Amino acid sequence: MNTTLVDPRTGQVRGTAPVARENEVRSAVAAARAALPGWRGLTPRERSRRLERLAALLEEHAPAYVAREASGTGKPDSETSGEVAQVADLFRFYASAVRAQSAPAAGRLIDGHESWVRWEPLGVVGVVVPWNYPLLMAAWRCAPALAAGNTVVAKPAETTSDTLELLAEHAAEALGPAVLTAVTGDRLTGRLLVEADVDMVAFTGSAAAGADVAARAGGRRVSLELGGNAPALVLPDAPDDTWTRLADACTYNAGQSCAAPARVITLRENYEQAVEKLAAAARERLAGRDFGPLNNRDQLARYDGIVTSSAAGRNFAADIAPRPGEENGFWRPARILADLPDDDPAVVEEVFGPLLTVQWAEDLDAAVALADGVPQALAASVWTRDLTTGLDLVGRLNAGEAWLNCHLVQSAELPHGGRGASGHGTDLSALALHEYQRPKTVTARLVHGG
């Protein structure tokens, strides 16, 4: 059984991918279970060496990864090449981080006893990742899980299986057989993996799918990143480049990023300026020239439904500029919606497209309340030249990650994770290692004499 793959740049079929069912999923998990003792038994130095080799293979075969990622997502090479480089960097980062882990207090904490803490891997981790960043989201999950000593069975999205399959091939070469395995397929394949004999599930996707994953996982550990609806608080003294930076951030990957800016919130006094400046900046970003298409027909229909049902009084859309032969791709223009109610679908739902809404608030307290007025709480930004006010606001906002005078600026060293309907758990940074480990306290009585 195969699924049909479509190039979102053209809307045309580009190939097929196998759909794994119960036998294939069970076999993959069993192989990962068999590979676990050997992988977890390696010293951190040896695991680190092998992860470094995987990073080198990523860099060596970067053109192949870029081509596969582009065919599955439609992203321009300027985006995909940077993301492949980030993936190699992530594996290098965790190759080093696992050798420099810190532990809770150890020593003679109880009279006559010596105590310490061992960090141990959980076992086999089932990873399910979405289509917006097929390779990067897989690396966010797989790199710390592998570094911590787990084996991984990863399931890519149905429309974007290409790069994770190649990563699994290179992992077999660098890490060993079945240490990282990919199973391709549809939503049922993902459910089968969640319900299989895995010790943990790491899932990135929608809130509804995350709730289903948590229910199916039962008492096993689950790490969930469930999307966002990020506010950007723009104050009257915002830097001059605010508008360009927000337009760039909201159109990167066609806005299909959980942490992308989605809701611009101003004060009454700078609302009209914000609408005008954002509309002008958005018109400079052309789909097809500066950013890619939406990923698939389902997302296209969902996005169009939100835009059509919006009650926005003003709707500014840029042009699109697809290349010859790509006119029937899933292109949507950069768009600014203004004069819309606070409960508008474009405000309360995660749009996941190249669109910004603009709202205003009476004062800073009201602006914070408006920013925190949706269920998602993943990311946010504040734009002001007053650093004291800006730092105060980023501290007050309910978000797992907040930026001041920038947006979507991330690095392997800095943690990323959601709150509320955006899920729980930690991606990136050394903290993510503990997502895939459990502590064991060891206490020994010190016996003196015979």
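Structure shown above.
Residues numbered from 1 in each chain as written. Predicted model: local features only at pLDDT ≥ 70, side-chain atom pairs only at ≥ 80, totals over all residues. Heavy atoms only, no water.

S.K.: Tell me about the overall build of the protein chain, residues and numbers included.
M.R.: Helices and strands together make up the secondary structure of the protein chain, namely 14 helices and 20 strands. Taking 450 residues into account, the globule formula puts the C-alpha radius of gyration at 22 Å, and the protein chain, at 23 Å, falls close to it. Seen through its C-alpha atoms, the protein chain measures out along the principal axes to roughly 85 × 55 × 40 Å. Contacts in the protein chain between residues far apart in sequence, at least 24 positions, make up 74% of those at least 6 positions apart. Element-wise, carbon and sulfur atoms account for 51% of the exposed surface of the protein chain, whose accessible area totals about 18200 Å². One finds the centroid of the 43 positive side-chain charges in the protein chain at a distance of 8 Å from the centroid of its 56 negative side-chain charges. (Helix = DSSP H or I, 4+ residues; strand = E, 2+ residues; numbered from the N terminus. Rg over C-alpha atoms; globule rule 2.2 N^0.38 Å. Contact = heavy atoms within 4.5 Å. Areas by Shrake-Rupley, 256 points an atom, 1.4 Å probe, with all protein chains shown as cover. Lys, Arg positive; Asp, Glu negative; His and termini not counted. Charge placed at Lys NZ, Arg CZ, Asp CG, Glu CD.)

S.K.: Run through the packing of helix H2 (residues 44-60) against helix H3 (residues 62-73), naming residues and quoting values.
M.R.: Contact geometry of H2 with H3 gives a least axis separation of 5 Å together with a crossing angle of 70°. As summarised for this structure, H2 and H3 are arranged roughly perpendicular, according to the angle between their axes. Contact residues: Leu57, Leu58, Glu59 and Glu60 in H2; Ala62, Pro63 and Tyr65 in H3. Along the lines of polarity and charge, the residues of the contact of H2 with H3 split into five nonpolar, no polar and two charged. (Axes fitted to C-alpha atoms, helices over the stretch in contact; angles between N-to-C directions. Parallel < 35°, antiparallel > 145°, perpendicular 65-115°, else oblique. Nonpolar A, V, L, I, M, F, W, Y, C, P; charged D, E, K, R; others polar.)

S.K.: Describe the packing of H2 against helix H5 (residues 134-147), with residues and values.
M.R.: At a closest axis distance of 11 Å, the pairing of H2 and H5 adopts a crossing angle of 160°. The orientation of H2 with respect to H5, classified from their angle, is roughly antiparallel. Along this stretch, H2 crosses H5, giving a crossing that reads as right-handed. Touching Arg47, Leu51 and Leu58 of H2 are Leu135, Leu146 and Ala147, all from H5. Per-class residue counts for the contact of H2 with H5 are five nonpolar, no polar and one charged. (Left-handed = near helix turned anticlockwise from the far one by under 90°.)

S.K.: Give a description of empty space enclosed by the protein that names residues and reports values.
M.R.: Where empty space is left becomes clear once a probe the size of a water molecule has been rolled over the atoms. Enumeration according to the criterion identifies one cavity of 30 Å³ or more in this entry. Here the largest cavity is characterised by a volume of approximately 90 Å³. In terms of lining residues, the largest cavity is bounded by 14 residues, among which Gly255, Ser257, Ala260, Ala262 and Phe352 are the most central. In the lining of the largest cavity, the residues fall into eight nonpolar, five polar and one charged. (1 Å grid on protein atoms, 1.4 Å probe; cavity = no way out; pocket = protein on both sides within 12 Å on 5 of 7 lines; lining within 4 Å. Points joined across faces, edges and corners; volume = space filled by probe spheres on them.)

S.K.: Outline the pairing of strand E11 (residues 261-267), listing residues and values.
M.R.: Judged by how many residues are buried, E11 sits mostly within the fold: seven of seven residues are covered. Sheet topology places E11 next to strand E14 (residues 355-361); five bridges connect them, and they run parallel. Bridge pairing in E14 places Leu267 opposite Ala361. (Buried < 20%, exposed > 50% of the residue type's maximum accessible area, 1.4 Å probe, protein only. Pairing = 2+ DSSP bridges.)

S.K.: Run through the sheet that holds strand E9 (residues 221-225), naming residues and quoting values.
M.R.: Within the open sheet, the six strands sit side by side as E7-E6-E5-E8-E9-E19. Their pairing is mixed. Edge strands, defined here as strands with exactly one partner in the open sheet, are strand E7 (180-182) and strand E19 (423-424). Each of strand E5 (124-128), strand E6 (151-155) and E7 is contacted by helix H1 (residues 22-40), which is oriented at about 150° to E6, the strand it contacts most.

S.K.: With reference to specific residues and values, describe the environment of Ala208.
M.R.: Position of Ala208 relative to the elements: it lies in helix H8 (residues 207-217). For the pair Ala208 and Ala196, spaced 12 residues apart in sequence, the C-alpha separation works out to 20 Å.

S.K.: Quick rundown of the pattern of salt bridges? Include the residues and the values.
M.R.: In the structure shown here, the tally under the stated rule is 31 salt bridges. Here Arg21 makes a salt bridge to Asp186, at a shortest N to O gap of 2.9 Å. Taken together, the residues span a long stretch of sequence, with Arg21 in the loop between strand E2 (12-18) and H1 and Asp186 in the loop between E7 and helix H7 (187-195) at a distance of 165 residues. Using a relative accessible area of 23% as the deciding quantity, one classes Arg21 as partly exposed. For the salt bridge of Glu326 with Arg323, the shortest nitrogen-to-oxygen distance reads 3.1 Å. On the basis of relative accessible area, Glu326 is assigned to the buried category, the value being 8%. (Salt bridge = Lys/Arg side-chain N within 4 Å of Asp/Glu carboxyl O.)

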